[in-house]
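Chain by chain, the residues:
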Amino acid sequence: MEKKMTLLLMAAGKGSRYGKLKQFDGLGPKDEFLMEFSMYDAIKVGFNHIVVITQRNHVQFLKEHLEGRLPEHIALDVLSQELEELPKGVKITGKRSKPWGTAHAVWTARNHIDSPFAVLNADDFYGSHAFKEAADFINDSRNNSTFAMIGYTLEATLSQNGSVSRGICSIKNGKLSAVEERLKIISENGSITDLDSGEYFTGKEMVSMNFWICHPSLFSEITEYFTKFLLDEELVQLSEVYLPLVIQHLIAKNKISVKVLPSGGKWFGITYADDRESAVGQLMDMTTMGNYPSPLWNKLQ
């Protein structure tokens, strides 16, 4: 019997710096979305369940778009991240229009995932080797408290068009001990600097690009963390429930360990509108070299 492996993609962001919804921008040679390349790479190594978290008004469009492309044996769930969806018995006062954050997006899928899963951003390209690493980890894992993270070198994740936010990883014996968020890292004049702190980097530092491999036990942990978060009125008004912070909290409590898996490949994203041309060019080059078919889904049906 084929082992169930789920790919969870977070596609509910609003893309303020990009200027439009980058999750649905046709960047591939045949106007494929960037998330479709992640799905393709995942399916090739054995993932058989796709879950996408998006905004309510995009659910039907995305469901129809993907159902017409994904192979028939792939299970698909397209879910909406709802502000009103809170832990049972919890109520808040005041108004909020901003989504609750990436941990809440993952928590949205709690009733649809019952096996180990990989979670990542829908608007990033992670490379096929990252999905092979994730699949091997899931297939070899026998411990529900051991998670994993796909890591990338900082120098491989920078934009030529402005500063980026990156989670700089502290690693001990191959396992993640902490992720420190740096919000304005920029590469200029041959050096890499955090504009906020003035700290310099070599570029070889390992960073988190929000590609995690988790066990379903994470959902109950998010419930507990989110419930406490909602009791703090200041956090409710100003902050979000970030997945890396939940994972760090669990590491600190010795509830989980997180193995760091070097990606062994390339990453790119589209933080800024000017990043689009580079992304389109890289996808075209990889397709021309035969890494991907065109149209993308021709050979997986």
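Residues numbered from 1 in each chain as written. Predicted model: local features only at pLDDT ≥ 70, side-chain atom pairs only at ≥ 80, totals over all residues. Heavy atoms only, no water.

Chemist: How would you sum up helix 7 (residues 243–252)? Please name residues and give values.
Modeler: The buried fraction of helix 7 is high, at seven of ten residues. If you check which residues of helix 7 are buried, you get Leu243, Pro244, Val246, Ile247, Gln248, Leu250 and Ile251. Looking at the buried residues of helix 7, the elements they touch are helix 3 (102–107), strand 4 (117–121), strand 8 (175–188), strand 11 (206–214), helix 5 (217–230) and strand 12 (257–262). A positive backbone phi angle near 60 degrees is found at asparagine 254, which sits one or two residues after helix 7. (Buried < 20%, exposed > 50% of the residue type's maximum accessible area, 1.4 Å probe, protein only. Helix = DSSP H or I, 4+ residues; strand = E, 2+ residues; numbered from the N terminus. Contact = heavy atoms within 4.5 Å.)

Chemist: Could you give an account of the side chain of threonine 193, with specific residues and numbers?
Modeler: Along the chain, threonine 193 falls in strand 9 (residues 191–194). Setting aside anything within four residues of it in sequence, one finds threonine 193 in contact with Lys184, Ile185, Ile186, Gly198, Glu199 and Tyr200.

Chemist: Give me the lowdown on the pairing of strand 1 (residues 6–11), citing residues and values where you can.
Modeler: Of all six residues in strand 1, six are buried; the element is thus mostly enclosed. Burial along strand 1 is two-sided: Thr6, Leu8 and Met10 facing one way and Leu7, Leu9 and Ala11 facing the other are all buried. Inspection of the sheet shows strand 1 paired to strand 2 (residues 49–54) by six bridges, in the parallel sense. Within the sheet, the bridge partner assigned to alanine 11 lies in strand 2 and is threonine 54. Looking at chain direction, strand 1 and strand 4 are connected through five bridges and run parallel. Note on strand 4: the bridge partner recorded for methionine 10 is asparagine 121. (Pairing = 2+ DSSP bridges.)

Chemist: Lay out the state of the cysteines with the relevant residues and their values.
Modeler: One pass over the full model with this rule turns up zero disulfides. Free of any disulfide, cysteine 214 has its nearest neighbouring cysteine sulfur in cysteine 169, separated by 14 Å. Accessibility expressed as a relative area gives 4% for cysteine 214, which makes it buried. (Disulfide = S-S within 2.5 Å.)

Chemist: Give a description of the pattern of salt bridges that names residues and reports values.
Modeler: Summed over the entire model, instances satisfying the criterion amount to 15 salt bridges. For glutamate 84, the salt bridge identified is with arginine 56, shortest N-O distance 3.6 Å. Highlighted residues: glutamate 84 in the loop between strand 3 (75–80) and helix 3 and arginine 56 in the loop between strand 2 and helix 2 (59–67), separated in sequence by 28 residues. Residue glutamate 84 shares its accessibility class with arginine 56, and that shared class is exposed. Several salt bridges converge on common partners, so that one network encompasses Glu180, Arg182, Asp194 and Glu199. (Salt bridge = Lys/Arg side-chain N within 4 Å of Asp/Glu carboxyl O.)

Chemist: Explain the nonpolar core residue by residue, including any values.
Modeler: Leu7, Met35, Met39, Phe211 and Ile213 are the most contacted members of the largest nonpolar core, which has 58 residues in total. The biggest single contributor to this core is helix 1 (residues 34–44), with seven residues. Once you skip the residues sitting within four places of it in the chain, phenylalanine 211 turns out to touch Ala118, Val119, Leu120, Tyr126, Ala130, Phe131, Ala134, Ala148, Met149 and Ile150. Counting 40 residues, the second largest nonpolar core, distinct from the first, contains Met10, Ile53, Trp212 and Val236. (Core = buried A, V, L, I, M, F, W, Y, C linked by side-chain atoms within 4.5 Å.)

Chemist: So, the side chain of aspartate 25: which residues are in play, and what are the values?
Modeler: Within the element layout of this structure, aspartate 25 appears in the loop between strand 1 and helix 1. The exposure class assigned to aspartate 25 is buried, which follows from its relative accessible area of 8%. Within the local environment of aspartate 25, its side chain forms a polar contact with the side chain of arginine 276, the two groups lying 2.8 Å apart. (Polar contact = N/O pair within 3.5 Å; in protein donor to acceptor, adjacent residues only side chain to side chain.)

Chemist: Break down the packing of aromatic side chains for me, with residues and values.
Modeler: Under the definition given, this model contains 16 aromatic pairs. Look at tyrosine 126 and tyrosine 152: their rings are 6.2 Å apart centre to centre, the planes differ by 50 degrees, and that puts the pair in the tilted class. Linking tyrosine 126 in the loop between strand 5 (124–125) and helix 4 (128–140) with tyrosine 152 in strand 6 (residues 146–153), this pair joins segments that are 26 residues apart in sequence. Across the pair, exposure class does not vary: tyrosine 126 and tyrosine 152 are buried alike. Aromatic ring contacts, followed pair by pair, group Phe37, Tyr40, Phe125, Phe268, Tyr292 and Trp297 into a single cluster. Over the ring of tryptophan 107 we find arginine 110, and its NZ or CZ is 3.6 Å from the ring centre. (Phe/Tyr/Trp six-rings, centres within 6.5 Å; stacked < 30°, edge-to-face > 60°. Lys NZ or Arg CZ within 6 Å of the ring centre and 35° of its normal.)

Chemist: If you had to explain helix 1 to someone new, which residues and values would you point to?
Modeler: Among the eleven residues in helix 1, ten count as buried, and that is most of the element. Among the residues of helix 1, Leu34, Met35, Glu36, Phe37, Ser38, Met39, Tyr40, Asp41, Ala42 and Ile43 are the ones counted as buried. Positive backbone phi, approximately 115 degrees, marks glycine 46, located one or two places after helix 1.

Chemist: Outline the packing of helix 5 against helix 7, listing residues and values.
Modeler: Here helix 5 crosses helix 7 at 100 degrees, and the two axes come no closer than 11 Å. Looking at the two axes, helix 5 sits roughly perpendicular to helix 7. Note on element contacts: helix 7 touches helix 5 through Leu243, Leu245, Val246, His249 and Leu250, opposite Leu218, Glu221, Ile222 and Tyr225. Along the lines of polarity and charge, the residues of the contact of helix 5 with helix 7 split into seven nonpolar, one polar and one charged. (Axes fitted to C-alpha atoms, helices over the stretch in contact; angles between N-to-C directions. Parallel < 35°, antiparallel > 145°, perpendicular 65-115°, else oblique. Nonpolar A, V, L, I, M, F, W, Y, C, P; charged D, E, K, R; others polar.)

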